[in-house]
Amino acid sequence: MSTIALSTIAFGWDCTARRAMQFALDHEIFGVEFGSPTFWPDNMSDDEKLFVRENAASNEISLSIHHIHRGVAPASHDPDRRAKHLAELEATLNLAYQIGARPIVLHPGPVDAPRIDIDNPPESVRLEALKHLTDFVSNAEKTARETGTVICLENLVHTPGNVVLSYQELADIVESVNSPAVRITLDTGHAHLSDGISEAFEVFGSNVRHIHMHDSDGKVDHFEVGEGEIDLESVKSQLSDFRFTLALETQRSDDGEAGTLRSRDRLKRLLGDSTR
C-alpha cells in the first residue's frame, strides 16, 4: 500500500514544520514531505523536531525531505562548490535521522563549469558533469547508509543545461553507485514534459523509491492532480502496485491547503484501497 503525502511547497515557502504536521494530523494525511527551497537543517527548531518525530511515530505518518535545490549544483566542475553542497546534503541526511524521515529527494542540477554557455554546454563538459554527479552521490551514500536514509535522485525535465538528459542516464547513476541507499524519485510532471511517465516507470523499474505527484498542461507543471492533461489511468497499475510515498507537489493553486485535499481525494478515488 502506498502513502499519499502533502508537501510543504503547496502551503508556501514560509510553511513551518509544525504547520505541515498539524495539517496532516487534522486531515488524516499519512505522509509529509518537507519541501525545497527551504534548507530544513536551518529551519527546524529542536522543539519542532520533537513535535514532528513524536507525532509521526505515534500516528504512522511517513516523512520525507526534499533537499534544497535552488542555487545547488552537485555536479559542479568546482570541487569547493561540490564539497559545500555535500556538507549541506549530509546535514539534511542527519536531520532526517533525527526526525525519522527516510527518502531524501535530490535534484541532479545544472551543468556548472567556467566559460560555457550554461543553456547549451558542450557535450564533453556535460559528460564530465555526469561523472562529478556520480562521484557526489557515491560520497553521500556513506552518510545515507549510516543514517538509515535513502537518497532519491529526481528526474528533472530534459532541458539543455541540465546534467541529466535522459531516464537512462539517471538510472545508470543509481546502478553505478549500487547501493540500497540510492534510488530514484519519479516526478510525474517532469516526466510528462520529458519522455513520458510510462517510459519513466519502464526505465527506472524497481529503483523508484519515491514519487512526486502533480499535473501538467504540457507546458508547465505542478498543477493539482486532475487539473492538467496527464492521464493517470494510463499508469494506474504502476501507481497501484507502488508501496512507498506519493508526495503531492501541487503549487499552482490559490489555496494550497484546499488544493492538497482535492488532489488527495482525486488520487484516492483513482487508487482505492491500494493507498492510504
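This text follows the structure it describes.
Engineer: Explain the pattern of salt bridges here, please?
Structural biologist: Opposite charge on two side chains lets them pair, provided their charged atoms get close. Throughout the structure, instances matching the rule amount to 13 salt bridges. Taking the shortest distance from any N to any O, the salt bridge between Glu-146 and Lys-142 comes out at 2.4 Å. Of this pair, Glu-146 and Lys-142 are both found in helix H4 (residues 123-147), four residues apart, which corresponds to roughly one turn of the helix. The shortest N-O distance in the salt bridge between Glu-224 and Arg-266 comes to 3.3 Å.

Engineer: I would appreciate a short explanation of the sheet that holds strand E3 (residues 62-66) in the present structure.
Structural biologist: Working definition: the strands of a sheet are paired by backbone hydrogen bonds and lie parallel or antiparallel to each other. Read around the closed barrel, eight strands run E1-E2-E3-E4-E5-E6-E7-E10, paired in parallel fashion. The average angle at which neighbouring strand axes cross in this sheet is 30°, direction not considered. Judged from the two bridges that link them, strand E1 (residues 3-7) and strand E2 (residues 31-34) form a sheet pairing that is parallel. Residue pairing across strands places Ser-7 opposite Glu-33, the latter belonging to E2. Running at roughly 150° to strand E5 (residues 150-154), H4 makes contact with strand E4 (103-106), E5 and strand E6 (182-187) of the sheet.

Engineer: Help me understand the packing of aromatic side chains, please; the structure alone is not making it clear to me.
Structural biologist: The way to describe two aromatic rings as a pair is by their centre distance and the angle between their planes. For the coordinates displayed, the defined rule picks out four aromatic pairs. For the pair Phe-11 and Phe-23, a centre-to-centre distance of 5.0 Å together with 70° between the ring planes defines the contact as edge-to-face. Taken together, the residues Phe-11 in the loop between E1 and helix H1 (17-26) and Phe-23 in helix H1 connect sequence positions twelve residues apart. Here Phe-11 matches Phe-23 in class, with each residue buried. With a centroid separation of 5.7 Å and an interplanar angle of 70°, the aromatic rings of Phe-242 and Phe-244 are classed as edge-to-face. In this structure Phe-242 comes out as buried when scored by relative accessible area, which is 7%. One residue, Arg-18, lies across the ring of Phe-51, its end atom 4.2 Å from the ring centre.

Conventions and cut-offs
Residues numbered from 1 in each chain as written. Predicted model: local features only at pLDDT ≥ 70, side-chain atom pairs only at ≥ 80, totals over all residues. Heavy atoms only, no water. Salt bridge = Lys/Arg side-chain N within 4 Å of Asp/Glu carboxyl O. Helix = DSSP H or I, 4+ residues; strand = E, 2+ residues; numbered from the N terminus. Pairing = 2+ DSSP bridges. Axes fitted to C-alpha atoms, helices over the stretch in contact; angles between N-to-C directions. Contact = heavy atoms within 4.5 Å. Phe/Tyr/Trp six-rings, centres within 6.5 Å; stacked < 30°, edge-to-face > 60°. Buried < 20%, exposed > 50% of the residue type's maximum accessible area, 1.4 Å probe, protein only. Lys NZ or Arg CZ within 6 Å of the ring centre and 35° of its normal.

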